[in-house]
Amino acid sequence: MNEAIPATRVDDDEFRTRLRSLDMAPLWDVMATLVSREPRTPCVPALWRYDAVRPLVMEAGEVITAKEAERRVLVLENPGMPGMSRITRSLYAGLQLILPGEVAPSHRHSQTALRFVIEGNGAYTAVDGERTMMQPGDFVTTPHWTWHDHGNESSEPMIWLDGLDIPIVSLFDASFAEPGEREEQQLSRPIGDALARYGSGLLPVDQEPGALSSPVFNYPYLRTREALDALCRASEWDPCHGLRMKYVNPLTGDHALPTMATFMQLLPAGFSGTGYRSSDATVYACVEGTGETEIDGQRFRWGPRDIFIVPSWMRSVHRAGGEDAVLFSFSDRAAQERLGLWREARES
Ligand code: 1HN
């Protein structure tokens, strides 16, 4: 026993009852949970096999139209947090389906969104007056408070992975949203304008610096893959990540979006990585190849279009199969870096 404790110690139960009646509570009950030595999370490792989920996404197309639903999406819920519409503690993700001829009407909100195209060809997203046609592997952004609508004038269904910072915005109780006046927003620039203007190693000569979100809102897979292909011949491999590149805002060199960081990485055939941890829980989507990721000792095998989660601070190890593998990923690392929170640890 601690000698410093006075003999006239109050009745603990009775003290707690009085505290509760005044909306107070003792910190010493919860301090170690509130301020843990290392990240602790209800988020668990998980994998969604595309072959298993695709039929349900298509079935959703028979249940409701994109217009009725506003956004026809099946939410990917972390099994450690069912019913909470989140894939990690800080991020939302879902699979969105747009059938030929459909429109998902224009709206805007304070949440930042990203799309990673999984299947289909030639549906579009319009962002603040410009459309972009979407192909598998494209990374498309809709920065916060930008008008956006989607449509599919192709003859195939299109499915993409949505990532939003919904839980982050909820944490701050800072959610605002409004519907557009028209179903499809008025277009003011031709297709390809933003990529040519901001994403071609050039900038308008009098471009103002800054901007929280990248003015490039489609990073086409064709270009990304070409870059990885060229680099993988010359580069040294990172022992944990293979060849991992981040998507950037060309006006700042920082992540393309202020809250969510996005990456594309190539693991060469036969790659066997070393252990890695970081404080950003990461959502991966396989684009090409097959492989496995060991997460805290649990093995998850993945192939094209599969989606999996590595929770915060859990040890992960990537291995590629017999051909080069390509993984897209996103996390809240951008937000954590801005707040000085982000950390990583590598095994050598
Ligand atoms: C949203 O606006 C989209 O624009 C997708 O495609 C998913 C989930 C919650 C709130 C807004 C989209 C969303 C969303």
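Structure: see above.
Residues numbered from 1 in each chain as written. Predicted model: local features only at pLDDT ≥ 70, side-chain atom pairs only at ≥ 80, totals over all residues. Heavy atoms only, no water.

A.B. asks: Looking at this structure, I do not really get the overall build of the chain. What am I missing?
C.D. replies: Within the chain, the secondary structure is distributed over eight helices and 22 strands. In terms of overall size, the chain behaves like a compact globule, its C-alpha atoms giving a radius of gyration of 23 Å where 348 residues would be expected to give roughly 20 Å. In terms of overall dimensions, the chain has a C-alpha envelope of 80 × 50 × 50 Å along the principal axes. Of the contacts made within the chain by residues no fewer than 6 positions apart, 75% connect residues no fewer than 24 positions apart. Summing over all exposed atoms, the chain offers an accessible surface of approximately 17500 Å²; the carbon and sulfur share of this is 54%. Positive and negative side-chain charges in the chain, numbering 34 and 49 respectively, have mean positions lying 4 Å apart. (Helix = DSSP H or I, 4+ residues; strand = E, 2+ residues; numbered from the N terminus. Rg over C-alpha atoms; globule rule 2.2 N^0.38 Å. Contact = heavy atoms within 4.5 Å. Areas by Shrake-Rupley, 256 points an atom, 1.4 Å probe, with all protein chains shown as cover. Lys, Arg positive; Asp, Glu negative; His and termini not counted. Charge placed at Lys NZ, Arg CZ, Asp CG, Glu CD.)

A.B. asks: Looking at this structure, I do not really get the site of the ligand. What am I missing?
C.D. replies: Within the structure, the ligand sits among Arg 71, Tyr 92, Gln 96, His 107, His 109, Arg 115, His 148, His 150, Asp 162, Leu 164 and Ile 166. In the environment of the ligand, an oxygen atom lies 2.7 Å from a nitrogen or oxygen atom belonging to the side chain of Arg 71. For the ligand, whose accessible area on its own is 330 Å², the fraction buried by protein is 83%. For the shell around the ligand, the secondary-structure elements that each account for two or more residues are β3 (92–98), β4 (103–109), β9 (148–152) and β10 (158–164). (Near = heavy atom within 4 Å. Polar contact = N/O pair within 3.5 Å; in protein donor to acceptor, adjacent residues only side chain to side chain.)

A.B. asks: Just checking my understanding: could you explain the sheet that holds strand β21 (residues 325–331) for this structure?
C.D. replies: One key point about sheets: their strands pair by backbone hydrogen bonds, in either a parallel or an antiparallel sense. Taken together, six strands build an open sheet; the order of strands is β1-β19-β16-β21-β14-β13 and the sheet is antiparallel. Each edge of the open sheet is held by one strand with a lone partner, namely β1 (46–48) and β13 (243–246). On average, adjacent strands in this sheet sit at an angle of 20° to one another, irrespective of strand direction. In this structure, β13 lies alongside strand β14 (residues 261–267), joined through four bridges in antiparallel fashion. Looking at β14, one finds that Met 245 is bridged to Met 264. (Pairing = 2+ DSSP bridges. Axes fitted to C-alpha atoms, helices over the stretch in contact; angles between N-to-C directions.)

A.B. asks: Would you mind showing me how to read the layout of surface pockets here?
C.D. replies: Put simply, the largest pocket is a space of about 1200 Å³. Lining of the largest pocket is provided by 32 residues; of these, Arg 89, Ser 279, Asp 332, Gln 336 and Leu 341 occupy positions nearest its centre. Residue assignment for the lining of the largest pocket shows that the elements contributing at least two residues are α2 (31–34), α5 (166–171) and α8 (333–338). Classifying every residue of the lining of the largest pocket by side-chain character gives 14 nonpolar, nine polar and nine charged. Counted as a void, the second largest pocket has a volume near 350 Å³. (1 Å grid on protein atoms, 1.4 Å probe; cavity = no way out; pocket = protein on both sides within 12 Å on 5 of 7 lines; lining within 4 Å. Points joined across faces, edges and corners; volume = space filled by probe spheres on them. Nonpolar A, V, L, I, M, F, W, Y, C, P; charged D, E, K, R; others polar.)

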